[in-house]
Amino acid sequence: MAMDWNERGFTLTLLVFCCVFAGRRTEAEAPHSTGTPRILGMRLETSDRPAATTETGVIQVTEGSDIYLRFYGLHLRPNSSELIRFAELYDSDKEDDAFGSVAVSNRTCPEHTKDIVVKSNMAVSNQNTSGLVNVKIKQLRKSEVVKVFGLCVPDSRDQRWSLLDDKDGRLRVVEEKKSLLPTWLQVILICFLLVLSGLFSGLNLGLMALDPMELRIVQSCGTEKEKKYARKIEPIRRKGNYLLCSLLLGNVLVNTTLTILLDDLIGSGLGAVVASTIGIVIFGEIVPQALCSRHGLAVGANTILLTKLFMWLTFPLSWPISKILDCVLGQEIGTVYNREKLVEMLKVTEPYNDLVKEELNMIQGALELRTKTVEDVMTPLNNCFMIHSDAVLDFNTMSEIMESGYTRIPVYVDERSNIVDILHVKDLAFVDPDDCTTLKTVTKFYNHPVHFVFHDTKLDSMLEEFKKGKSHLAIVQKVNNEGEGDPFYEVLGLVTLEDVIEEIIKSEILDESDLYTDNRNRKKVAPNKNKRDFSAFKHESESKVKISPQLMLAAHRFLATEVSLFNPSQISEKVLLRILRHPDVIQEIKFNENDKRSPHHYIYQRGKAVDYFILILQGRVEVEAGNENMKFEAGPFSYYGVMALSAPTLEFRSPSHVSGLNRTASLSGADRTESLSVSGSNSQLNSSIPTQQYTPDFNVRALTDLQFVKVTRAQYQNGLMASRLDSTPQSPESSRMDEMSPPATANTTITDLGADVTTTENGPDETTLLLLNEQNSPHTANHHSQLENSI
């Protein structure tokens, strides 16, 4: 019983609470619901036909549309739709520039329009601040294109109708756009126009690309089908400007019509532009031009009737324009290929023509011959094989000529750029290397003409000169007018008939003696296993640097008379001659113009110890001496380093007291000298000489190519010892041994060279005869070899 009472109390309490809450909510809503409805603005919610908002913010709808407008205000009720009326503000048979924002001076609404009908009550929101109303827009009259309405609302004070606002209460009604043609007909026309657009575009490319010159070529050398097509096209192709104007006029007309139809079909200008662009690009440009670019001749011949039809249809406009173009531009000649274009056409069409690579190269080379100069194909002067005019035609020189593989060799004087003669290898047929004939003697005898050409001479002109038979080698030169001095001829290099022929055939001509595949790139050929080695005929003791006998005699006389250390009282003339004939005594330096301060050019360097004497034979040097570093130049027969040969005087001992020489006791004095040089006693002598270092306080640097005599201290001391042994009287023991010993052969009695030569009264001495007549004694070299090796 107590539980039932509690449940009833809880229920009663809950009812009281609900009543109190509902009463307070009713009191809160009572003031709002009892106020006067007021409309403040509207906006477009939905429309069944095209609708939008203009640039000025005015709602724009289409005639005959059913729309929903949302109205905003205060204390709105479902019957507030009765407070909504519209008044006509503006109508026109063309578009208004203000887009509905029409200025109105009188804001009263004397008359409400019947073109806008409110169909339903207002669907009010919970807060009574907005509501949705269905409105029907009637059709415009035939003379009207646009009409502007204003929203009229009653005034709360005097209940008169007035316009709401300039923009918020405006409604702009426009004419509904109608299609020009039925939809199915528009689709058919659009497809047909796309086909025509592609046809005009393809024919424009296919026919205009076939110029009259190419059609004539096809009619002459094409296939039967190509000749047939070319004969059909050629008559209308001759009227080039008329054909061009007809095709372009038809293409523009078709594309414009296509865009208009698409705009009417789609109903959107932007959509029509996008659709027409895509359609024209794909079906009107890309596909037909790709087809006609490859088969333009066939397409143009098969559509020739259609082309003539369009030329006839567009005649009133295209023919006058074509005549104007003919007068302004002149007659159409067609594509004419010059030399450069023809060469490039051959290169581009190489994968497709039936020419082999060698034929194509020859055609290109022949066409490019006139465009290239000798400077493009010449061998630069630095890479040319040349010989000095003072060279001696000994075994080394002639071997070098034969190994070079060249048949025509330039001969220069002083500088490599001063070319004075041309040596033909066949000129050496009667020259004996043992005669040591000077090169100048041979070149003067044959006196081959030297052909000079300028660097800008064209290759076709050069070929004509070579064909005359005067020479197959020419010296390339140019006029150098740079600097302040007078202009002079500068030699750049050599050009040969082979260089011109290689440029014509676009390939290198190699023979068994060539060292490089290309003289310009200096790419060496593969090693030739069958290459002849002339060193097998060369004696090991021959000098590395060959000089003429006259220069050897001059050096011998100069040392014997002007340099005290080589005076006959110190070193006999025979021994001095043997020293000069040693392979390592005569040396040379090749001057590098690109690196004038190269360490290779220095003969003496200040502060660097040396042990040799130098006598300049040919060339010039720069001497830098003193604390002030004074510089001066010196030429041939200047000598340096005398102090390097100076050493403490050796105590002369008889050969019997020299270690290792006891086995020569039975030889004569001359034989003892030879035995000393052969037995390898240099080490004994050198070991007995105190080490002495000579440090020069000057620099000697080569300024040109040099040939010089270089005598080391060891060579000088050995020569000094040999001279003393040669002057030692013969002992009785050695005389008895001479009777018992067998006769000395030519290989061991090297000093017999001097014994066979006797001087005559008032005639040349022994050394002079040796130098001047050595070329007449072929076996003499064998007598000198061992002594030279020892020295």
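Residues numbered from 1 in each chain as written. Predicted model: local features only at pLDDT ≥ 70, side-chain atom pairs only at ≥ 80, totals over all residues. Heavy atoms only, no water.

1. Notes on the sheet that holds strand β19 (residues 473-480)
The test is simple: Note on pairing: DSSP must find at least two bridges between two strands before they are called paired. Each helix is a run of H or I in the DSSP string that is no shorter than four residues. Each strand is a run of E no shorter than two, and both are numbered from the N terminus. Any two residues having at least one pair of non-hydrogen atoms within 4.5 Å are treated as being in contact. To get an axis, a line is fitted to the C-alpha atoms, and for a helix only the part in contact is used. The angle between two axes follows their N-to-C directions and goes from 0 to 180 degrees.
Here 4 strands make up an open sheet; going across it, the order is β12-β20-β19-β18 and the pairing mixed. Among the strands making up the open sheet, the edge pair consists of β12 (379-380) and β18 (452-454). Two elements, β18 and β19, share 3 bridges in a ladder whose sense is parallel. Counterpart to Phe 454 in the pairing with β19 is Gln 477. The strands touched by helix α15 (residues 497-505) are β12 and β20 (488-496); relative to β20, the strand with the most contacts, the crossing angle is about 60°.

2. Some words on the pattern of salt bridges
The line we're drawing: Every case where a carboxyl oxygen of Asp or Glu lies within 4 Å of a side-chain nitrogen of Lys or Arg is listed as a salt bridge. Each residue is assigned to one of three classes by its accessible area relative to the maximum for its type, calculated with a 1.4 Å probe on protein chains only: buried under 20%, partly exposed between the two thresholds, exposed over 50%.
Inspection of the entire model under this criterion finds 19 salt bridges. Note that Asp 66 and Lys 119 form a salt bridge whose closest N and O atoms lie 3.5 Å from each other. Taken as a pair, Asp 66 in strand β4 (residues 66-74) and Lys 119 in the loop between β6 (116-118) and β7 (123-124) lie far apart in primary sequence, 53 residues in all. Judged by its relative accessible area of 47%, Lys 119 falls in the partly exposed class. One salt bridge connects Asp 460 with Arg 370, and the closest N-O pair in it is separated by 3.2 Å.

3. Quick word on the environment of Ser 130
Relative to the helices and strands, Ser 130 resides in strand β8 (residues 130-137). We classify Ser 130 as buried; its relative accessible area is 10%. Residues Ser 130 and Leu 76 lie 54 residues apart in sequence; the distance between their C-alpha atoms is 6.9 Å. Here Ser 130 is in contact with Arg 70, Phe 71, Tyr 72, Leu 76, Ala 123, Val 124 and Ser 125, once residues within four sequence places are set aside.

4. Brief notes about a nonpolar patch on the surface
Short version of the rule: Any residue with relative accessible area above 30% and no salt bridge may belong to a patch, with like charges joined within 9 Å and the nonpolar Val, Leu, Ile, Met, Phe, Trp and Tyr side chains within 5 Å. Areas reported here follow the Shrake-Rupley algorithm with a probe of radius 1.4 Å; residue values treat only the protein chains shown as occluding.
Together, Leu 270, Val 274, Ile 278, Val 281, Ile 282, Phe 283, Ile 286 and Val 287 give the surface a local cluster of nonpolar side chains, amounting to about 740 Å² of exposed area. Within the secondary structure layout, Phe 283 lies in helix α6 (residues 269-302). A relative accessible area of 53% places Phe 283 in the exposed class.

5. Observations regarding the confidence of the model for the protein chain
Selection criterion: Values of pLDDT, ranging from 0 to 100, describe the predictor's confidence in every residue of the model.
In the predicted model, the protein chain carries a mean pLDDT of 77, and 76% of its residues have values of at least 70. Overall, residues 648-689 carries pLDDT values under 50, and its contacts beyond four positions in sequence, including any with other chains, amount to 70 contacts. Across residues 734-791 the pLDDT falls below 50, and counting only partners more than four positions away or on other chains, this stretch makes 89 contacts in the model.

6. As for the packing of helix α5 (residues 240-266) against helix α8 (residues 315-329)
What counts, and what does not: Angles below 35 degrees are treated as roughly parallel, those above 145 as roughly antiparallel, those between 65 and 115 as roughly perpendicular, and all remaining angles as oblique. In this scheme the handedness of a crossing depends on how the near helix is turned from the far one: anticlockwise by less than a right angle means left-handed, clockwise means right-handed. Each residue gets one label: Ala, Val, Leu, Ile, Met, Phe, Trp, Tyr, Cys and Pro are nonpolar, Asp, Glu, Lys and Arg are charged, and the others, such as Gly, are polar.
Across the interface, α5 lies against α8 with an axial gap of 8 Å and an inter-helix angle of 135°. It follows that α5 is oblique to α8 by the angle criterion. In this structure, α5 meets α8 at a crossing whose hand is right-handed. Each of Asn 241, Tyr 242, Cys 245, Ser 246 and Leu 249 in α5 lies in contact with α8, whose residues at this interface are Phe 315, Leu 317, Ser 318, Trp 319, Ile 321, Ser 322, Leu 325 and Asp 326. The residue makeup of the contact of α5 with α8, split by class, is 8 nonpolar, 4 polar and 1 charged.

7. Remarks on a negative patch on the surface
Formally: Positive charges are assigned to Lys and Arg, negative charges to Asp and Glu, while His and the chain termini are left out of the count. We put the charge of a Lys on NZ, of an Arg on CZ, of an Asp on CG and of a Glu on CD.
A cluster of like negative charges, contributed by Asp 414, Glu 415, Glu 588, Glu 593 and Asp 705, occupies part of the molecular surface. Among the structural elements, Asp 414 can be located in the loop between β15 (408-412) and β16 (419-424). Overall, the relative accessible area of 66% leaves Asp 414 in the exposed class.

8. Points about the sheet that holds strand β23 (residues 586-589)
What the 4 strands build is an open sheet, ordered β23-β30-β25-β28; its pairing is antiparallel. Each end of this open sheet is capped by a strand with a single partner; those strands are β23 and β28 (639-640). Pairing geometry for strand β25 (residues 612-618) and β28, over 2 bridges, is antiparallel. Residue pairing for β28: Ile 614 is matched across the bridge by Tyr 640.

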